[in-house]
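Structural description and commentary
Each chain is listed here by its residues.
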Amino acid sequence: MGETWVLMKTAQTPTNIAVIKYWGKRDESLILPVNDSISVTLDPAHLCTTTTVAVSPVFQQDRMWLNGKEISLSGGRFQSCLREIRRRASEVEDKEKGVKIEKKDWEKLHVHIASYNNFPTAAGLASSAAGFACLVFALAKLMNVKEDESQLSAIARQGSGSACRSLFGGFVKWIMGKEEDGSDSVAVQLVDEKHWDDLFIVIAVVSSRQKETSSTSGMRESVETSLLLQHRAKEVVPKRILKMEEAIKNHSFESFAQLTCADSNQFHAVCLDTCPPIFYMNDTSHRIISYVEKWNRSEGSPRWHIHLMLGRMQF
Ligand SMILES: Nc1ncnc2c1ncn2[C@@H]1O[C@H](COP(=O)(O)OP(=O)(O)OP(=O)(O)O)[C@@H](O)[C@H]1O
Ligand SMILES: C[C@@](O)(CCOP(=O)(O)OP(=O)(O)O)CC(=O)O
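Residues numbered from 1 in each chain as written. Chains lettered and ligands numbered in written order. Predicted model: local features only at pLDDT ≥ 70, side-chain atom pairs only at ≥ 80, totals over all residues. Heavy atoms only, no water.

The condition that has to hold: UniProt positions are given in the numbering used here, feature names are shortened, and annotations may be inferred rather than shown by experiment.
Looking at an unreviewed UniProt entry, one finds the protein chain named Diphosphomevalonate decarboxylase, with Theobroma cacao as its source organism. Within the UniProt record for the protein chain, the comment given under Sequence similarities (unreviewed entry) is "Belongs to the diphosphomevalonate decarboxylase family." Reading the Catalytic activity (unreviewed entry) entry of the UniProt record for the protein chain gives the comment "(R)-5-diphosphomevalonate + ATP = isopentenyl diphosphate + ADP + phosphate + CO2".

Next up, the structure:
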């Protein structure tokens, strides 16, 4: 296969915001969570990642550019995604270019990746979720991987846990799973994006500062030191997930809002119960919470829900 040719695929993936949060791992290397979680995928017209992947016999190594700057692919999470996709690659034929790639060829071929976020990266808006989901989906298309979105979500999960939920639109549940190899820790779509089309999400960025504690290290410390996290995972989230699924299915905004706010508040309570404590909110966040709580009380029934995360606000 000495000739020069390039095959290319592009994908676009939105970010997602958790309404029942993932916080804590039972397996760090496979990124397996201590609880189920549920998120809503944002409209791709607003916050999304666009990723193009290309393969050619002239590429000498896997390389990636993010927002125009080359980044290292040596990290374990990128390597996990590349390895898992390659393992599932199958034959690709492009009759126009006269190219045929056998399954065995994929181990020897290298990819070049260019990815762009149309929103701030590493700024608390879950760019890793959209980014790893988009990377996995684009690579799967390029390498003719037959797995469905749920099976692909188990690969995106190894890039970043919340990324598994961005393989679908609408409301998505990440089932924590019980298997040690993580084969049953996958995302499934609860309802599609048309199910609740008059629900709007407003994201107010209440701080431009990079968060001090990454999600990865924050949840590691919570698992190691917070008794509240253990209680939340065992006693609270299992029941709350069932109530949230019911609220979403029945468009019960009052229940949806109450559960979302309660879960966000408990997430921040776990962060405070961690040693050393983790602060993801600031005075602005607190002020907006109290305004919205007063608003909802004055209006009789909740019209807005609010949950704060990582120094930013989603209504
Ligand atoms: N488009 C992308 N493609 C692949 N990886 C990406 C992309 N965008 C971001 N990432 C990865 O995600 C990392 C940023 O993740 P990080 O968790 O720090 O921030 P965030 O996900 O934007 O915010 P938060 O986790 O607080 O919601 C980047 O350093 C990069 O490794
Ligand atoms: C607070 C959260 O947004 C945490 C997201 O954590 P990440 O998915 O970014 O963590 P890693 O798996 O270590 O990459 C809650 C959520 O999105 O469910």
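1. Concerning the confidence of the model for the protein chain
What counts here: A residue's pLDDT is the predictor's confidence in that residue, given on a scale from 0 to 100. Residue contacts follow a heavy-atom distance rule, with two residues in contact if any of their heavy atoms lie within 4.5 Å.
Mean pLDDT over the protein chain: 92, with 94% of residues reaching 70 or higher. Predicted confidence is poor over residues 306–315, with pLDDT under 50, and the contacts of this stretch with residues over four places away or in other chains come to 60 contacts. This complex was scored by the predictor with a pTM of 0.94 and an ipTM of 0.98.

2. Here we look at helix α5 (residues 227–249)
What counts, and what does not: In DSSP terms, a helix is any run of H or I states spanning at least four residues, a strand is any run of E spanning at least two, and both are numbered starting from the N terminus. Any helix carries an expected span of 1.5 Å times its number of residues minus one. One axis fitted to the seven residues ending at a residue, another fitted to the seven starting there: the angle between these axes is the bend at that residue. A simple rule labels every residue: compare its accessible area, found with a 1.4 Å probe on the protein chains alone, to the largest value its type can have, and call it buried under 20%, exposed over 50%, or partly exposed in between. Side-chain atoms alone can form a polar contact between residues adjacent in sequence; in general such a contact is a pair of N or O atoms within 3.5 Å, and within protein one must be able to donate a hydrogen while the other accepts it.
The first and last C-alpha atoms of α5 sit 32 Å apart over 23 residues, in line with the 33 Å expected at 1.5 Å per residue. Considering bend angle alone, the principal kink of α5 is centred on valine 236 and spans about 45 degrees; proline proline 238 follows within four residues of it. The set of residues buried in α5 consists of Leu229, Arg232, Ala233, Val236, Val237, Arg240, Ile241, Met244, Ala247 and Ile248. The secondary structure elements touched by the buried residues of α5 are β2 (16–20), β5 (37–41), β12 (171–174), β13 (187–191), α4 (215–225) and α6 (253–272). A distance of 3.2 Å separates the backbone nitrogen of leucine 228 from a side-chain oxygen at the start of α5, and that oxygen is part of serine 226. Downstream of α5 by a residue or two, histidine 251 has a phi angle that is positive, lying close to 55 degrees.

3. Quick look at the sheet that holds strand β1 (residues 7–14)
Stated formally: The rule for pairing is simple: two strands pair if DSSP sees at least two bridges between them. Only the stretch in contact is used when a helix axis is fitted, and all axes are lines through C-alpha atoms; the angle between N-to-C directions ranges over 0 to 180 degrees.
Overall, mixed pairing links the five strands, which are arranged β1-β6-β11-β7-β8 in an open sheet. Two strands in the sheet have a free side with no partner beyond their single neighbour: β1 and β8 (69–71). Between one strand axis and the next, the sheet turns through 20 degrees on average, direction left out of account.

4. A word on the site of ligand 2
As a reminder of what qualifies: The criterion for a residue being near a molecule or strand is simple. One of its heavy atoms has to lie within 4 Å of it. Only the protein chains shown count as cover for residues, and all accessible areas are computed by the Shrake-Rupley method using a 1.4 Å probe. Side-chain classes are defined by residue name, with Ala, Val, Leu, Ile, Met, Phe, Trp, Tyr, Cys and Pro counting as nonpolar, Asp, Glu, Lys and Arg as charged, and the others, Gly among them, as polar.
Near ligand 2 you find 17 residues, and of these Tyr22, Lys25, Ser160, Ser162 and Thr216 are the closest. A distance of 2.7 Å separates an oxygen atom of ligand 2 from a polar side-chain atom of lysine 25. Coverage of ligand 2 by the protein amounts to 93% of the 460 Å² it exposes when considered alone. The dominant element in the shell around ligand 2, judged by the number of residues it contributes, is α4, at three residues. Taken together, the residues of the shell around ligand 2 break down into seven nonpolar, six polar and four charged.

5. Section: the packing of aromatic side chains
Here a ring pair, both rings aromatic, is described through the centre-centre distance and the interplanar angle of the planes. Which entries qualify depends on this criterion: When two rings of Phe, Tyr or Trp (its six-membered ring) have centres within 6.5 Å they constitute a pair, described as stacked for plane angles under 30 degrees, edge-to-face for angles over 60, and tilted for the intermediate range.
Applying the stated criterion across every chain, the model contains 10 aromatic pairs. Here the aromatic rings of phenylalanine 78 and phenylalanine 132 are separated by 4.8 Å at their centres, their planes lie at 40 degrees, and the arrangement is tilted. Placement of the pair is phenylalanine 78 in helix α1 (residues 76–87) and phenylalanine 132 in helix α2 (residues 127–142), with a sequence separation of 54 residues. For phenylalanine 78, a relative accessible area of 17% puts it in the buried group. Ring geometry for phenylalanine 171 and phenylalanine 256: centres 5.8 Å apart, planes at 85 degrees, overall edge-to-face. One end of the pair, phenylalanine 171, is in strand β12; the other, phenylalanine 256, is in helix α6, and 85 residues separate them in sequence. Residues phenylalanine 171 and phenylalanine 256 agree in their burial class; the two are buried. In textbook terms, an aromatic cluster arises when at least three aromatic residues are bridged by ring pairs, as seen for Phe171, Trp196, Phe253 and Phe256.

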